[in-house]
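Reading the structure
Letter by letter, the chains look like this.
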Amino acid sequence: MQIDCSDVDGFQCIRLSGRLDTAGVGNGELGFTAMAATASKPVIVDLGEVSFIASLAVRMFISTARAAARKGGKLVLFGANAAVTEIIETMGLDEIVAVAPDQAGALALARE
Amino acid sequence: MPLPGSDPPLCRAKYDDGSLQLALRNAIGAIAAAQAAIETFGATAAMPARLQNRVEVVFEEIVSNIIRHGFDHGTAQSIAVTMTASPQRVTLCFEDDGRAFNPLTLPPPKTFGSLATAKIGGLGVATVRRLAADIDYQRVNDADGHACNRLTVTLAREPAPETCAGR
């Protein structure tokens, strides 16, 4: 899992890429959490270059979103491909963490 | 071929009459080591991208669960995985010599409810149950007479039917 961070319309945008499997999450979770869980305003997370997602990644998103919420922040995921979206929906992550199809949708949810 | 005195590979893959057979060591790295063979199997079986992804998710969740919870750390325990594909379904059979564990005895997966109260344990097994068209568990003896877990997960070529969503 690779992590890249930039500013998009005043929001921190974290771009993840590669496989979010056991090994990938193990390598990248600390860095992702440090970036996303400490922000007091919404953070958008670009999954456009993520090729695979497993339960450890969903667990990482839930715990990070929960930590961000405690600080008044919010996590918004966007841009996942069809296969990754199917797993996100199968696991029910979209029931408790904001998910948008694209960056424009993510920014709209971040502004809510 | 491993050098004399070196560790055996994390994963050995063998294709036999349209099926893929994997022998995995007790190490999380075995999951990544098997990835290329699984991708080749999916391509050979002409799996659509979503089905290929479901196969990889089931493989990842079951194998990581066995290694983290069914095995003792650093032992010579192993997992044998056989994947077969037909025009209607893909079947993954996992056999391991770890602690007895029947995932079908767990209560049906629940929805998260809210972010604040969401329980984040057991997601892997719940996901496999939701993706599968059928799951079967047996406690059997292997060829050497040792008790082992045999978990067979069947994935439909079409999206998983609703009939299994509540299991």
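Figured I'd write up the structure that's included with this text. Since we're looking at a predicted model, the values are computed, not measured.

A few words now on the overall build of chain A. Regarding its fold elements, chain A presents four helices and five strands. Mapped from its N terminus to its C terminus, chain A presents α and β elements in the order β-β-α-β-α-β-α-β-α. Relative to a compact globule of 112 residues, whose C-alpha radius of gyration would be 13 Å, chain A shows 12 Å and is just as compact. Along the first, second and third principal axes, the C-alpha atoms of chain A reach 30 × 25 × 25 Å. Burial status across chain A gives 49% buried among its 112 residues. Partitioning the intrachain contacts of chain A with sequence separation of at least 6 by distance along the chain shows that 73% fall at a separation of at least 24.

Moving on: the interface of chain B and chain A. At the interface, 23 residues of chain B touch 23 residues of chain A. Contributions of two or more residues to the side of chain B that touches chain A are made by α1 (29-44), α2 (49-70) and α3 (123-131) of chain B. A total of eight residues in the side of chain B that touches chain A trace back to one element, the largest contributor, which is α2(B). For the side of chain B that touches chain A, the per-class residue count stands at twelve nonpolar, six polar and five charged.

Residue and element names in this part refer to chain B. If you walk across this open sheet you meet the six strands as β1-β2-β3-β4-β6-β5, and the pairing is antiparallel. Of all the strands in the sheet, just β1 (11-16) and β5 (134-141) have a single pairing partner and so form its edges. Shown here is a sheet whose adjacent strand axes are inclined to one another by a mean of 15°, direction ignored. Note that strand β4 (residues 89-96) and strand β6 (residues 147-156) share eight bridges and pair antiparallel. Residue pairing across strands places R89 opposite A156, the latter belonging to β6. Along the sheet face, α1 touches β1, β2 (19-25) and β3 (78-85) and points at about 175° away from the line of β2. In the packing of α2 onto the sheet, the strands contacted are β2, β3, β4 and β6, and the crossing angle to β4 comes to about 10°.

On a regular strand, each side chain points to the face opposite its neighbour's, so the side chains alternate between the two faces of the sheet. All names here are of chain A. Taken together, the seven bridges between strand β1 (residues 2-8) and strand β2 (residues 11-20) define a ladder with antiparallel strand orientation. Across the sheet, V8 pairs through a bridge with F11, a residue of β2. What sits between β1 and β2 in their antiparallel hairpin is a turn of two residues, with D9 showing a positive phi close to 50°.

Moving on to the nonpolar core. The biggest cluster of nonpolar side chains holds 80 residues, and the ones touching the most others in it are V45(A), I53(A), F61(A), L75(A), L77(A), V97(A) and V58(B). Here this core takes nine residues from α2(B), the largest share from any one element.

Phi at D9(A) is positive, roughly 50°, even though this residue is not glycine. Mapped onto the fold, D9(A) is located in the loop between β1 and β2. Assessed through the 11 C-beta atoms surrounding it within 10 Å, D9(A) is described here as exposed. Backbone geometry at A46(B) places phi at a positive 55°, although glycine is not the residue there. Relative to the helices and strands, A46(B) resides in the loop between α1 and α2. Note on A46(B): 10 C-beta atoms within 10 Å, which makes it exposed.

Turning to the pairing of β4(B), a few remarks are in order. Residues and elements named next belong to chain B. A one-sided burial pattern is seen for β4, the buried positions being V90, L92, F94 and D96 and the unburied ones R89, T91, C93 and E95. Pairing analysis gives seven bridges linking β3 to β4, with the strands arranged antiparallel. Paired with A85 across the strands is V90, a residue of β4.

Cut-offs used in this document
Residues numbered from 1 in each chain as written. Chains lettered and ligands numbered in written order. Predicted model: local features only at pLDDT ≥ 70, side-chain atom pairs only at ≥ 80, totals over all residues. Helix = DSSP H or I, 4+ residues; strand = E, 2+ residues; numbered from the N terminus. Rg over C-alpha atoms; globule rule 2.2 N^0.38 Å. Buried ≥ 20, exposed ≤ 12 C-beta atoms within 10 Å, placed from the backbone. Contact = placed C-beta atoms within 7 Å. Nonpolar A, V, L, I, M, F, W, Y, C, P; charged D, E, K, R; others polar. Pairing = 2+ DSSP bridges. Axes fitted to C-alpha atoms, helices over the stretch in contact; angles between N-to-C directions. Core = buried A, V, L, I, M, F, W, Y, C linked by C-beta atoms within 7 Å.

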